[in-house]
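Inside the fold
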Amino acid sequence: MMKKSSLDEFCDMIDTYGGRDKVIRTLCYTTKLACGLYQTTNPDLSKKLGIFSSKMSATRATLRLLDDWPMLQHTMRYGLGHKEPDRAMAVMGVLANIVDNIYYPVEKVCWLAEHRVISVKEPGKWDTASSVCWVLSIFLNLLRILRNITLMEQYSKTLYKAANDSNREERRKLLWKQQQELLSVVRLSLDFTQAVSTLPKGYLWGGKLSTLHIGVIGTISSFIGLYQYFAKKRGPA
């Protein structure tokens, strides 16, 4: 089978919704990072980069307007999480799905209000509700991954105790999965830091991160996401 070129792999990625979102997200945060870096040395360039970054962010928000339907489908298929390895992960999965199903309609109201399609009382409260859902969703998914890493570590010890040629491949695949989950912990921790910063001032570090801080956090998280995308496509080396 002929190996795909880097261009083919990139085109395959942007041909999907998830892949295109990752690219737009990366553009959003790398330009936000550059915007923060040039704020004092080149304000005019910083302003242009800030405009581009905000447009990329708005593009992502617009593309998410229909995400509630795939989310609803995922929730129905997930059910009570019977396929999860233990009850704790199932409970966290169900809670995360509930939060996400609340988040998308709330974000839709925020989007419609922002573009003056509808009028709502106290739009700031809707924005806060959206941020709270975002924070909770990331937090629950982070807990799920940490729990999964614990279970994988327990299984890993069992495999290594019975180390032999027959389970060598299984050990190699498990190690790869553990590495990917650890990367997910780093990525979600960065996303959680950014999500909390969107909360009103007075709540943890809400409103305290600068444009540069958000740019750094978002850029690192985005590149980890891109790496994981291609790593998942290629599988264990």
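Going by the structure above, here's the rest.
Below you will find a few notes about this structure. (Residues numbered from 1 in each chain as written. Predicted model: local features only at pLDDT ≥ 70, side-chain atom pairs only at ≥ 80, totals over all residues. Heavy atoms only, no water.)

1. Looking at the overall build of the chain
Across its full length, the chain carries eight helices and zero strands. In the chain, which comprises 237 residues, the proportion classed as buried is 40%. Sequence-distant contacts, at least 24 apart, represent 67% of the contacts inside the chain between residues at least 6 apart. Here the chain contributes 33 positively and 21 negatively charged side chains, and the mean placements of these two sets differ by 2 Å. (Helix = DSSP H or I, 4+ residues; strand = E, 2+ residues; numbered from the N terminus. Buried < 20%, exposed > 50% of the residue type's maximum accessible area, 1.4 Å probe, protein only. Contact = heavy atoms within 4.5 Å. Lys, Arg positive; Asp, Glu negative; His and termini not counted. Charge placed at Lys NZ, Arg CZ, Asp CG, Glu CD.)

2. A look at the pattern of salt bridges
Summed over all chains, the structure comprises ten salt bridges. Residues glutamate 169 and arginine 172 are paired through a salt bridge, measuring 2.5 Å at the closest nitrogen-oxygen approach. On the criterion of helical spacing, the pair formed by glutamate 169 and arginine 172 is a turn pair, its members being three residues apart in helix α7 (residues 168-197). The partly exposed category is assigned to glutamate 169, whose relative accessible area is 38%. Residue arginine 172 is classed as partly exposed on the basis of its relative accessible area of 35%. (Salt bridge = Lys/Arg side-chain N within 4 Å of Asp/Glu carboxyl O.)

3. Let's talk about the environment of valine 120
Relative to the helices and strands, valine 120 is located in the loop between α5 (87-114) and α6 (123-161). We classify valine 120 as partly exposed; its relative accessible area is 25%. It is 8.9 Å that separates the C-alpha atoms of valine 120 and cysteine 110, two residues lying ten residues apart in sequence.

4. Considerations on unusual backbone geometry
One non-glycine residue, arginine 116, adopts positive backbone phi at about 60°. In this model, leucine 204 sits at a positive phi of 50°, which is unusual for a non-glycine residue. With respect to the element layout, leucine 204 can be found in the loop between α7 and α8 (211-234).

5. Focus on α5
Because an α-helix completes one turn every 3.6 residues, residues spaced three or four positions apart along the sequence face the same direction. The terminal C-alpha atoms of α5 lie 40 Å apart, and with 28 residues this matches the ideal 40 Å at 1.5 Å per residue to within 8%. Just downstream of α5 lies arginine 116, where phi reads positive at about 60°. (Expected span 1.5 Å × (residues − 1).)

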